[in-house]
Each structure stands twice: as C-alpha cells, then as structure tokens.
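Spelled out from the first residue to the last, the chains are:
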Amino acid sequence: MKTVLKSLALGTALVAASSAVHADGHGDLNYVLVSHAPDSDSWWNTIKNGIALAGEQMGVEVEYRNPPTGDLADMARIIEQAAASGPDGIITTLSDFDVLRGPIEDAVASGVDVIIMNSGTPEQAREVGALMYVGQPEYDAGLAAGQRAAGDGIASFLCVNHYISSPSSTERCQGFADGLGVELGNQMIDSGQDPAEIKNRVLAYLNANPETDAILTLGPTSADPTLLALDENGMAGDIYFGTFDLGENIVEGIKAGTIQWGIDQQPFLQAYLPVVVLANYHRYGVLPGNNINSGPGFVTVDGLTLVEEYAGEYR
C-alpha cells in the first residue's frame, strides 16, 4: 500500500506540470488500454472511469478496447491492431500468458511502451518486456482469502468461476483451495456468464453438495446471481460467502450479512496509475522502481462508508 500511495502522490504532484506541457503543445500523447473483459461485465466501468480521469488530469488521450465476448484470441488481435496504430503506450491485461505473450512482445519490439495491469504477474510482465505491473497477483489474493476463511473454520467450498477460460480466474480458486489446505477438485464450477445459468448451476451444486461450508465468487458477474440463488434456497446468511471485487449488490450483501467480505483489488488504481506513470515517463523520464500491488484488501461491513459511496464508480 505504501508503494501505491507513493506512486499516486508522484502522479498528483506532476499533474499540473504535465497539463502545462500539454497546453504548450508538447504533450500530445496517446495510449490504448486493452482488457480481456466482455461488454457484459460491468465491473470494468471503474477501469473506464480511472483512465478517463487520468487522461483528463494528465492531458493525454486514452482509448479503451476489449473483445466484445471476452474471446482471448480476439483480444490478441486487438493488441496487434493497437500496436499497429502507433500509440505512445499500451496498457493491457495479461489474462492468458500463452495467448497474449506474442502480441505484447511484438508491441514492445516495435517501440511501444507497455504496462501490464489487472492480471498476470510481475514476473510475466518482465518476461514480455513491459515497463512494470500494476495489479493484484491473483493466486496470492486467492491464497489470502483461503487463509482467512480457514481461520473462520471453513473446510469446503464452491468456487463459481464465470470466466474459466482465463487462467487468472482459475488461479483465484486454486489459491483459495491452497489457503484452506484442501484439493480444488470439483469444488470449482464453470458457471458461464449468463445470470440465469449461473443461478441454476449454483442451486444444482448446493443441492447435490448440501454440506458445502462456503461459496467464493469471482466478481459481480457471478456474485449477483449467486445472491439470488441463496435467497431462493433459503441459505442466504447461513452459508459463508466471500467474493472477489465489489459492486452495488455485493456492497448490499456485505451490509446485510449475506456476504462476509469482498476482496478489493482497487481497479481504479489499476487503470489510473499506468496512465500517470506512462505520461510522466514519456515527458520526464521518471519511472517507479517497483511494481505496484493494488490489492488484495478485504472489505467488510466495518469499512463500507467510502466503498458504498463510490462502488461501481471508483471502488
């Protein structure tokens, strides 16, 4: 967190100077952020808000691009197209190292500066030649969540994976299992992304495995239908429920005691900081010496004041 605050302070201190450079006609910088998210995933609205604010403050242009259905092969093509358009920098997720490594390395080789955000690891970011990594190492976050749940007496769980084609999503579930000290096995389900289907699959799993201690969801896409499932089968508030990420319904679930905690990876920072870093790097040659971990942070009912106010916008 200290590293995050230091980097944010650096960006804030240089905003006025950067904007002045832009006003003088010497700051025409443009960046592209490429995510793996489908259009249907509302969690990424916070990412869009982050780059919009950073772009405005730093006086740079930032474009958001993504594969409409979340197809990673499509994302690889988008990275190739973005690099071919000649931006000053690309900010991208690394949700599947094998699929995305080539296009990212090609972008770096062509002279485009790259920052990896949200998914992937600092080690993978270095391997593809990126300047740095800003995000939450997913396995580590899952591990921390599992260790927390183990301390609360949890021994079995259901991980509702709504994006199973992304290895980083599976890392969350695997980390949780390892934190509990149990095998993942069939405790992870491929729920798909259709809300009705997610609800039905959660109900079917809990009906077949009534002794399940806990549920782990990986974001609003799977958390929201799971809340409906628990309301329907009468288990809301009776089964231990943790989730990655935040959203309006997740915050309400935490307030109601239906959800014990949400893992906040601070997506606003994941989007905002890379734009600030790139702008200052291109204008002044300054670059933070370390990668920035934006999470995990656990949000419980005791810390909801600002989260509730800005959920879905900046939190």
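A quick note: this is a predicted structure, and the numbers were derived from the prediction, not measured.

Okay, the domain arrangement of the chain next. Segmenting the chain into domains produces domain 1 (30-136 + 267-294) and domain 2 (138-264). For domain 1 versus domain 2, the separation of C-alpha centres amounts to 28 Å. Here domain 1 packs against domain 2, burying approximately 1,100 Å² in sum over the two surfaces, 41% of which is carbon and sulfur. Of all residues in domain 1, Trp43, Ser95 and Gln136 give up the largest surface area on contact with domain 2, accounting jointly for 46% of the area buried on that side. Inspection of the domain 1/domain 2 interface yields zero salt bridges. The tally of links between domain 1 and domain 2 comes to three residue pairs in polar contact (both at pLDDT 80 or more). For the side of domain 1 that touches domain 2, the residue count by class is four nonpolar, eight polar and two charged.

A regular strand places its side chains so that they alternate between the two faces of the sheet. Across five bridges, strand 1 (residues 30-34) lies against strand 2 (residues 61-65) in parallel orientation. Residue pairing in the sheet places Val32 in a bridge with Glu63 of strand 2. The handedness of the strand 1 to strand 2 crossover, carried by helix 2 (residues 45-58), is right-handed.

Turning next to the confidence of the model for the chain. Summary statistics for the chain give a mean pLDDT of 91 and a share of 91% for residues scoring 70 or more. The model gives residues 1-7 a pLDDT under 50, and that stretch makes eleven contacts with residues more than four places away or in other chains. Here residues 14-26 is modelled with pLDDT under 50, and outside its nearest four sequence neighbours on either side it reaches 22 contacts, counting other chains as well.

This part takes up the sheet that holds strand 11 (residues 292-293). With parallel pairing, the six strands of this open sheet are ordered in space as 2-1-3-4-5-11. Each edge of the sheet is formed by a strand with only one pairing partner; in this case those strands are strand 2 and strand 11. Bridge analysis of strand 1 against strand 3 (residues 89-92) gives four bridges, and the strand direction is parallel. Bridging across to strand 3, Val32 finds its partner in Ile90. Along the sheet, helix 11 (residues 267-284) contacts strand 1, strand 2, strand 3, strand 4 (113-118), strand 5 (132-135) and strand 11; its crossing angle with strand 4, the most-contacted strand, is approximately 165°.

One open sheet accounts for six strands, arranged 7-6-8-9-10-12; its pairing is mixed. Edge positions in the sheet fall to strand 7 (188-190) and strand 12 (297-299), since each of these pairs with one other strand and no more. The sheet shows a mean angle of 20° between the axes of neighbouring strands, direction not considered. Where strand 6 (residues 157-161) meets strand 8 (residues 214-217), four bridges bridge the pair, whose relative direction is parallel.

Moving on, we come to the state of the cysteines. By definition, a disulfide links the sulfur atoms of two cysteines through a covalent bond. This structure, assessed with the given rule, holds one disulfide. The disulfide partner of Cys159 is Cys173, and the gap between their sulfur atoms is 2.0 Å. The S-S bond linking Cys159 to Cys173 shows a torsion near -50°; that makes this disulfide left-handed. Residue Cys159 is located in strand 6, and its partner Cys173 is located in helix 7 (residues 167-180); the two are separated by 14 residues in the primary sequence. Exposure remark for Cys159: the relative accessible area of 0% places this residue in the buried category.

Here we come to the pairing of strand 6. For strand 6, the buried fraction is high: five of the five residues fall into the buried class. Here strand 6 shows a buried face lined by Phe157, Cys159 and Asn161 and a second buried face lined by Leu158 and Val160. Once the chain exits strand 6 it traverses helix 7 before rejoining the sheet at strand 7, and the crossover so formed is right-handed.

The next thing to look at is the environment of Leu227. In this structure, Leu227 sits in helix 9 (residues 220-233). The exposure class of Leu227 is buried, given its relative accessible area of 11%.

Cut-off values and rules
- Residues numbered from 1 in each chain as written.
- Predicted model: local features only at pLDDT ≥ 70, side-chain atom pairs only at ≥ 80, totals over all residues.
- Heavy atoms only, no water.
- Domains from an automatic or database assignment.
- Buried area = accessible area lost by both parts, 1.4 Å probe.
- Salt bridge = Lys/Arg side-chain N within 4 Å of Asp/Glu carboxyl O.
- Polar contact = N/O pair within 3.5 Å; in protein donor to acceptor, adjacent residues only side chain to side chain.
- Nonpolar A, V, L, I, M, F, W, Y, C, P; charged D, E, K, R; others polar.
- Pairing = 2+ DSSP bridges.
- Helix = DSSP H or I, 4+ residues; strand = E, 2+ residues; numbered from the N terminus.
- Right-handed = clockwise from strand over helix to strand, strands pointing away.
- pLDDT = per-residue confidence, 0-100.
- Contact = heavy atoms within 4.5 Å.
- Axes fitted to C-alpha atoms, helices over the stretch in contact; angles between N-to-C directions.
- Disulfide = S-S within 2.5 Å.
- Buried < 20%, exposed > 50% of the residue type's maximum accessible area, 1.4 Å probe, protein only.

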